[in-house]
Amino acid sequence: MSLVVYGISFGVASLAGNIYANMLLMAVIELPGLPLTFWMMNSRIHTVLAFTIVILGMVIVVVVVVAVVVVVVVVVVAAAAVV
């Protein structure tokens, strides 16, 4: 959740309108997120979220490794076909 708020804060300066009003809206939007974060960290949802993040991270690593292997094989086969 903090990464989302951190990412949104980078775009506040590029929003149309008054930068001070945009910062105020950003602060107001952030207020419900703080108690929600504390609640999520103190509940069983935290365990489920951590497990989900680990599994998704492993899936992403496997997908990237497979993609790299496929690219290497394609390049090697293409190089062999040229020779």
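Residues numbered from 1 in each chain as written. Predicted model: local features only at pLDDT ≥ 70, side-chain atom pairs only at ≥ 80, totals over all residues. Heavy atoms only, no water.

Draft legend 1. Layout of the overall build of the protein. Scanning the protein from N- to C-terminus turns up four helices and zero strands. Order of helices (α) and strands (β) in the protein, N terminus to C terminus: α-α-α-α. Scaling as 2.2 N^0.38, a compact globule of 83 residues should have a C-alpha radius of gyration of about 12 Å, whereas the protein reaches 22 Å, well beyond that. With the principal axes as the frame, the protein shows a C-alpha extent of 65 × 40 × 10 Å. (Helix = DSSP H or I, 4+ residues; strand = E, 2+ residues; numbered from the N terminus. Rg over C-alpha atoms; globule rule 2.2 N^0.38 Å.)

Draft legend 2. Molecular detail of the UniProt feature "transmembrane region" (unreviewed entry) in the protein. Residues given the UniProt feature "transmembrane region" (unreviewed entry) here are residues 6-29 and 49-82. When the span residues 49-82 is considered, its composition is 100% helix and 0% strand, and the gap between its end C-alpha atoms is 49 Å. (UniProt positions renumbered as here; feature names shortened; annotations may be inferred.)

Draft legend 3. Representation of the confidence of the model for the protein within the structure. When the pLDDT values of the protein are averaged, the result is 79; 92% of them are 70 or greater. Highest mean pLDDT in the protein belongs to helix α4 (residues 45-82) (86); lowest belongs to helix α1 (residues 2-11) (68). (pLDDT = per-residue confidence, 0-100.)

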